[in-house]
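Below, each chain spelled out in residue letters.
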Amino acid sequence: MRIETLAVASSGGPDETSLAIAPPITLSTTFERAADGSYPGGFDYSRSGNPNRNALETALARLEAGAVAAAFPSGMAATFAVVFSLEPGDHVVSADDAYYGTTVLLNRLFEQRGVEVTFVDMADLDAVAAAVRPQTALLWGETPSNPMIRITDIEALSDIAHGVDAIAAFDNTWATPLLQRPLELGADLVMHSTTKYLGGHSDVMGGAVVSKGDDARFERIREVQVEGGSIPAPFDAWLVRRGLESLAARMTMHCANAGALARFLDGHRAVTKVHYPGLPDDPGHELAGRQMSDYGGMLSFHIDGGRDEALAVTAGVRLIAQATSLGGTHSLIEHRASAEGPTTRAPESLIRLSVGLEHPDDLIEDLERGLAALT
Ligand SMILES: *Cc1c(COP(=O)(O)O)cnc(C)c1O
């Protein structure tokens, strides 16, 4: 089956007892045992397994071409589980432009607990090769990156990690398995914030780790999930799984709209630079063409000015909401530097856009209105 069909078929229906096409939500925390003490339904207690969570995990493993997956209550809980599976003394090489929360997690929660982290520009393969060492247990990549929308080479980075027997993990939140499948390019683990495109409607938080192998590494991550109690509620798992059914349709439109907006912004006199791999002169264009099937729904751009001018633009739009996060139906605009605070690496002139499913002409008119503040 093709990925679009797999995504729809992940509903698993019709339900065995009611023949409902959409799956029921199983809220029960506990499940009946047989006379011999076994669990004929396959479930015992909802922390260790629940039909809605299991359906989501099976679906995510299939979409990412992995063997197994574990679902978490947020993307950060998923990342936490991966890093927690390391041992004190282990070394991590992370992308220097990874999701801001990932950097905070590595710096503030793990460095004090004996996991050493080196941040490196993952577009520079020589720098990555120089950063790995025998103690390196994990390479953490993210492509496209946030907020500079840079593309890094999953295959080459995985090779560097494997050269020192480290595992290669990629945050695939922005691309989704519809556009990019890191496990097929050599990675060992894929992480998702399902809060974004997979849920797709800005109404549920979740995370996931998908593993290429059903191995000891994954067992440890599963242990952090179940024994650590890091589980999504059945309704949340149900919502994210439902989101998968329309993922292909939504991603097609997110990409088309983002392309239209990138071209508009590229030609605007108050915009000095647009970061979008779909633009032919973008540094990530060629690589994205090889490892992605389309260029995604996220872009960022620099305006002619600094913080005040950027905030004037984000305050000047009406249709596009000024809010953090991404991947939902509504377009969102954000000045990342002020969202991240004093330790940000985001330039003051930079504005990030999560391009939604509105008509692109309405979005262009709205951006024209916002940018009018500068002209
Ligand atoms: C949002 C996001 C996360 C964190 O996920 P939460 O669901 O907010 O915990 C991690 N990585 C990327 C790329 C994200 O966009």
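Residues numbered from 1 in each chain as written. Predicted model: local features only at pLDDT ≥ 70, side-chain atom pairs only at ≥ 80, totals over all residues. Heavy atoms only, no water.

A.B. asks: What exactly am I supposed to notice about the pairing of strand β5 (residues 167-171) here?
C.D. replies: Within a regular strand, side chains alternate between the sheet's two faces. Most of β5 sits inside the fold, with five of its five residues counted as buried. What you see with β5 is no split at all: I167, A169 and D171 on one side and A168 and F170 on the other are buried throughout. Pairing of strand β4 (residues 136-142) with β5 involves five bridges; the strand directions are parallel. Across the sheet, the residue bridging to L138 is I167, located in β5. (Buried < 20%, exposed > 50% of the residue type's maximum accessible area, 1.4 Å probe, protein only. Helix = DSSP H or I, 4+ residues; strand = E, 2+ residues; numbered from the N terminus. Pairing = 2+ DSSP bridges.)

A.B. asks: I'm lost on the sheet that holds strand β9 (residues 298-303) in this one. Help?
C.D. replies: Each strand in a sheet pairs with another by means of backbone hydrogen bonds, the pair being arranged parallel or else antiparallel. With mixed pairing, the five strands of this open sheet are ordered in space as β8-β9-β12-β11-β10. In this open sheet, the two edge strands, each paired with only one partner strand, are β8 (271-275) and β10 (321-322). Of the strand pairs in this sheet, strand β11 (residues 332-334) and strand β12 (residues 350-354) are connected by three bridges, and their pairing is antiparallel. Note that in β12 the partner of I333 across the bridge is L353. Sheet strands touched by helix α10 (residues 247-266): β8, β9 and β12. Its angle to β9, the strand with the most contacts, is close to 10°. (Contact = heavy atoms within 4.5 Å. Axes fitted to C-alpha atoms, helices over the stretch in contact; angles between N-to-C directions.)

A.B. asks: It is not clear to me how the domain arrangement of the protein should be interpreted in this structure. Could you clarify?
C.D. replies: When the domains of the protein are assigned, the result is domain 1 (3-245) and domain 2 (248-374). Here domain 1 and domain 2 have C-alpha centroids that lie 27 Å from each other. Contacts between domain 1 and domain 2 engage 30 residues on the former and 34 residues on the latter. Where domain 1 abuts domain 2, roughly 2700 Å² becomes buried across the two surfaces, and 61% of that area is made up of carbon and sulfur atoms. Considering only the side of domain 1, the residues that lose the most area to domain 2 are Y100, L179 and Y197, jointly responsible for 28% of the buried surface there. The residue D96 makes a salt bridge to R345 at a minimum N-O spacing of 3.6 Å. Where domain 1 packs against domain 2, one counts 13 residue pairs in polar contact (both at pLDDT 80 or more). (Domains from an automatic or database assignment. Buried area = accessible area lost by both parts, 1.4 Å probe. Salt bridge = Lys/Arg side-chain N within 4 Å of Asp/Glu carboxyl O. Polar contact = N/O pair within 3.5 Å; in protein donor to acceptor, adjacent residues only side chain to side chain.)

A.B. asks: Mind showing me how you'd approach the pattern of salt bridges here?
C.D. replies: Any two side chains of opposite charge can pair, given that their charged atoms come close. In total, this model carries 16 salt bridges according to the counting rule given. Two residues, R150 and D97, come together in a salt bridge whose shortest N-O distance is 3.1 Å. A residue pair is termed long-range when its members are at least 10 positions apart, and R150 in the loop between β4 and α6 (154-163) and D97 in the loop between β2 (91-95) and α4 (100-110) qualify at 53 residues. Take R150: its relative accessible area is 27%, and that puts it in the partly exposed class. In this structure, E184 engages R181 in a salt bridge whose closest nitrogen and oxygen atoms are separated by 3.2 Å. The class for E184 is exposed, based on a relative accessible area of 52%. Because the salt bridges share partners, they merge into one network encompassing D96, D97, D121, R150 and R345.

A.B. asks: It is not clear to me how the site of the ligand should be interpreted in this structure. Could you clarify?
C.D. replies: Taken together, 15 residues lie near the ligand, and M76, D171, S193, T195 and K196 sit nearest. At a separation of 3.1 Å, an oxygen atom of the ligand approaches a polar side-chain atom of W174. Separating an oxygen atom of the ligand from a side-chain N or O atom of S193 is a distance of 2.8 Å. Taking 380 Å² as the accessible area of the ligand by itself, protein coverage stands at 94%. Those elements giving two or more residues to the shell around the ligand turn out to be α3 (75-84) and β6 (189-193). Residues that form the shell around the ligand fall into these classes: six nonpolar, six polar and three charged. (Near = heavy atom within 4 Å. Areas by Shrake-Rupley, 256 points an atom, 1.4 Å probe, with all protein chains shown as cover. Nonpolar A, V, L, I, M, F, W, Y, C, P; charged D, E, K, R; others polar.)

A.B. asks: What is the right way to read the environment of T5 from this model?
C.D. replies: Looking at where T5 falls in the secondary structure, it is placed in helix α1 (residues 3-9). On the basis of relative accessibility, which here comes to 40%, the residue T5 falls in the partly exposed class. Spatially, the C-alpha atoms of T5 and H91 are 40 Å apart, while their sequence positions differ by 86 residues.

A.B. asks: I tried to follow the sheet that holds β5 on my own but got confused; where do I start?
C.D. replies: What the seven strands build is an open sheet, ordered β1-β7-β6-β5-β4-β2-β3; its pairing is mixed. Because the sheet does not close on itself, it has two edges, and the strands there are β1 (68-72) and β3 (116-120). With direction set aside, neighbouring strand axes in the sheet form an average angle of 20°. The sheet strands contacting helix α2 (residues 51-63) are β1 and β7 (207-211), and the helix crosses β1 at an angle near 130°. Running over the sheet, α6 touches β4 and β5 and is turned about 145° from β5.

A.B. asks: I'm lost on α2 in this one. Help?
C.D. replies: An α-helical segment advances 3.6 residues per turn. Residues three or four places apart therefore align on the same side. The end-to-end C-alpha distance of α2, which contains 13 residues, comes to 18 Å, matching closely the 18 Å that a straight helix rising 1.5 Å per residue would cover. Within the sequence span of α2, burial applies to N52, R53, L56, E57, A59, L60, A61 and L63. In the core, the buried residues of α2 are packed alongside α1, β1, α7 (176-179), β7, α8 (216-227) and α9 (234-245). Looking at where α2 begins, the residue whose side-chain oxygen comes 2.7 Å from the main-chain nitrogen of N52 is N50. Just past α2, the residue A65 takes up positive phi, approximately 60°. (Expected span 1.5 Å × (residues − 1).)

A.B. asks: Please explain the nonpolar core as it appears in this structure.
C.D. replies: Nonpolar side chains in soluble globular proteins generally cluster together in the buried interior. The biggest cluster of nonpolar side chains holds 79 residues, and the ones touching the most others in it are L60, F72, M122 and L138. Per-domain counts for this core show at least three residues from each of domain 1 (3-245) and domain 2 (248-374). Excluding its chain neighbours within four sequence positions, the residues that come into contact with L60 are A69, T194, L198, A208, V210 and L244. (Core = buried A, V, L, I, M, F, W, Y, C linked by side-chain atoms within 4.5 Å.)

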